[in-house]
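Inside the fold
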Amino acid sequence: MLSLSDRAARIVQAEIRNMSIECEKVGGINLAQGVSDTEVPPLVRRAAQVAIDEGVNSYTRYDGLRELREAIARKLRRHCGIEADPESEITVSAGSTGAFYCACLALLNPGDEVILFEPYYGYHLNTLLAVEAVPSYVTLRAPDWTFAPEDLERAISPRTRGIMVCTPANPSGKVFSRSELEAVADAAGRHDLFVFTDEIYEHFLYDGRRHVSPGSLPGMAERTIIISGLSKTFSITGWRIGYAVSRPRWAKMIGYLNDLVYVCAPAPLQRAVAVGLDELPPGFYDELRSKYQRKRDRICAALKRAGLPPCVPEGAYYVLADVSRLPGETSKEKAMNLLRKARVASVPGEAFFHGSAGESIVRFCFSKQDGELEEACRRLEGLD
Ligand code: PLP
């Protein structure tokens, strides 16, 4: 009898889509989905139009347009203090999601274990499952989402091949401190592990924090696969432009697999992103931070008033809130209850943990236009 693959049976469908459907049914405000709906920088939009008109419409090299790889290398030097060779160490892919998938295909064997800090981002888990890797977990401690080096050490087994670090993190908003990253680097060095990093929220940092790329720590360039992209920073989630940065011996195969799966990322949009990386002034990033910090402060204040204490995020644009006081046995029931009462959709905490640690929390996304966010906050504040 025909059936799906064993691999397919392991994939867990994200709850986010379900909540979006339920939200539409009640005419709610969707703070479940992480789609940034702020404006695309006009310079970037225009550059895409010009690129199409000028004929940048064919396949690009398997690892991306040279001008984009060079712009990414300049950005890595400027922003992260990292030197990367645009000719051999950068792979442009179909979003950071594509870059991570290709990196996993290139570097992991079935049965290899990869450590996830939880709460985790569901795509990280599912991508690992899709390549038949095995997740193991370090559960971060609420409300600050910290861990001790011993927690990490305990999660390492002879089958461990990598550690996944998402900083700033979705869904917790955790920004790994330098000493936490040093603990990761130390464990990776002693056990000879890859470190996969997801730095897609690198510009979404609050209260004066600065981004520290795990790949910039001494000795880490050899074993780190940096994953990032411009979906969030330029509000171009549908363009699918992201990249991986790693040593040439890894980058070559990541690039070949990128060719196999995606052929290349959209050519004219690669050109436009290169223009954005090179030409947007530092003020663009400062404004992004202050704009999102205001949104964060607004929703955290509303959650406090609603009696749903938030874990105030240090970065990214999500907030986890304690919904213990809402009726319901599970986080799903609590999120549905909140949707019915306040007409605001959130993601049940169970989507971010392998065990039951998420049952009394939900995640809100605050990457919304100010008017819509304000209305959502008023609805939350009116919750009895
Ligand atoms: N990584 C994290 C942690 C995310 O939260 C998201 C989107 O929500 C992505 C990656 C997706 O990025 P991209 O659009 O570059 O594939």
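Keep in mind it's a predicted model, so treat the numbers as computed, not measured.

The next thing to look at is the overall build of the chain. Along the backbone of the chain there are 13 helices and 13 strands. Taking 21 Å as the expected radius of gyration for a compact globule of 384 residues, we find that the chain reaches 20 Å, a close match to that expectation. Here the C-alpha coordinates of the chain stretch approximately 60 × 55 × 50 Å along the principal axes. When the 384 residues of the chain are sorted by exposure, 56% land in the buried category.

With that out of the way, let us pick up the domain arrangement of the chain. When its domains are assigned, the chain resolves into domain 1 (8-40 + 283-381) and domain 2 (56-279). Once you take the C-alpha centre of each, domain 1 and domain 2 turn out to be 24 Å apart. Domain 1 puts 33 residues into the contact, and the matching count from domain 2 is 35 residues. Roughly 3,100 Å² is buried in total at the junction of domain 1 and domain 2, and carbon and sulfur atoms are behind 57% of that figure. Connecting domain 1 to domain 2 are three salt bridges.

What follows covers the environment of Cys300. For Cys300, the position within the fold is in helix α11 (residues 282-305). Once the C-alpha coordinates of Cys300 and Ala321 are considered, the two residues, 21 residues apart in sequence, prove to be 8.7 Å apart. Ignoring sequence-local partners within four residues, the contact set of Cys300 consists of Pro310, Val312, Pro313 and Val319.

Spatially, seven strands are ordered β2-β8-β7-β6-β5-β3-β4 in an open sheet, and the strand pairing comes out mixed. The two strands at the open ends of the sheet, each matched to only one other strand, are β2 (90-94) and β4 (134-139). Looking at each pair of strands side by side, their axes are set apart by 25 degrees on average, direction ignored. Here strand β3 (residues 113-118) runs beside β4; their pairing, made up of six bridges, is parallel. Residue pairing in the sheet places Ile115 in a bridge with Ser136 of β4.

Looking now at the site of the ligand. Close contacts around the ligand come from 13 residues, with Ser96, Thr97, Asp198, Ser231 and Arg240 the closest. One of the side-chain nitrogen or oxygen atoms of Asp198 is found 2.6 Å away from a nitrogen atom of the ligand. Within the side chain of Arg240, a nitrogen or oxygen atom sits 2.7 Å from an oxygen atom of the ligand. Taking 410 Å² as the accessible area of the ligand by itself, protein coverage stands at 92%. Residue contributions to the shell around the ligand peak at three residues, all from helix α5 (residues 95-107). Of the residues that constitute the shell around the ligand, the class distribution is five nonpolar, five polar and three charged.

Let us now look at unusual backbone geometry. A negative phi angle is the norm for most residues apart from glycine, just as the trans form is the norm for most peptide bonds. At the junction of Glu118 and Pro119, the peptide bond is cis and its omega measures out at 10 degrees in the coordinates. One can find Pro119 in the loop between β3 and α6 (122-130). Geometrically, the link from Asn170 to Pro171 is a cis peptide bond, its omega value of 10 degrees lying close to zero. Structurally, the position occupied by Pro171 is in the loop between β5 (160-166) and α8 (178-191). With a phi angle near 65 degrees, Val263 is a residue other than glycine that sits in the positive phi range. Turning to its location among the elements, Val263 is positioned in the loop between α9 (248-262) and α10 (267-279). We classify Val263 as partly exposed; its relative accessible area is 34%. In the Ramachandran plot, Arg343 falls in the positive-phi region, its phi being about 55 degrees despite a non-glycine side chain. If you trace the backbone, Arg343 turns up in the loop between α12 (331-342) and β11 (344-345). Looking at Arg343, the relative accessible area reads 35%, which means it is partly exposed.

Conventions adopted
Residues numbered from 1 in each chain as written. Predicted model: local features only at pLDDT ≥ 70, side-chain atom pairs only at ≥ 80, totals over all residues. Heavy atoms only, no water. Helix = DSSP H or I, 4+ residues; strand = E, 2+ residues; numbered from the N terminus. Rg over C-alpha atoms; globule rule 2.2 N^0.38 Å. Buried < 20%, exposed > 50% of the residue type's maximum accessible area, 1.4 Å probe, protein only. Domains from an automatic or database assignment. Contact = heavy atoms within 4.5 Å. Buried area = accessible area lost by both parts, 1.4 Å probe. Salt bridge = Lys/Arg side-chain N within 4 Å of Asp/Glu carboxyl O. Pairing = 2+ DSSP bridges. Axes fitted to C-alpha atoms, helices over the stretch in contact; angles between N-to-C directions. Near = heavy atom within 4 Å. Polar contact = N/O pair within 3.5 Å; in protein donor to acceptor, adjacent residues only side chain to side chain. Areas by Shrake-Rupley, 256 points an atom, 1.4 Å probe, with all protein chains shown as cover. Nonpolar A, V, L, I, M, F, W, Y, C, P; charged D, E, K, R; others polar.

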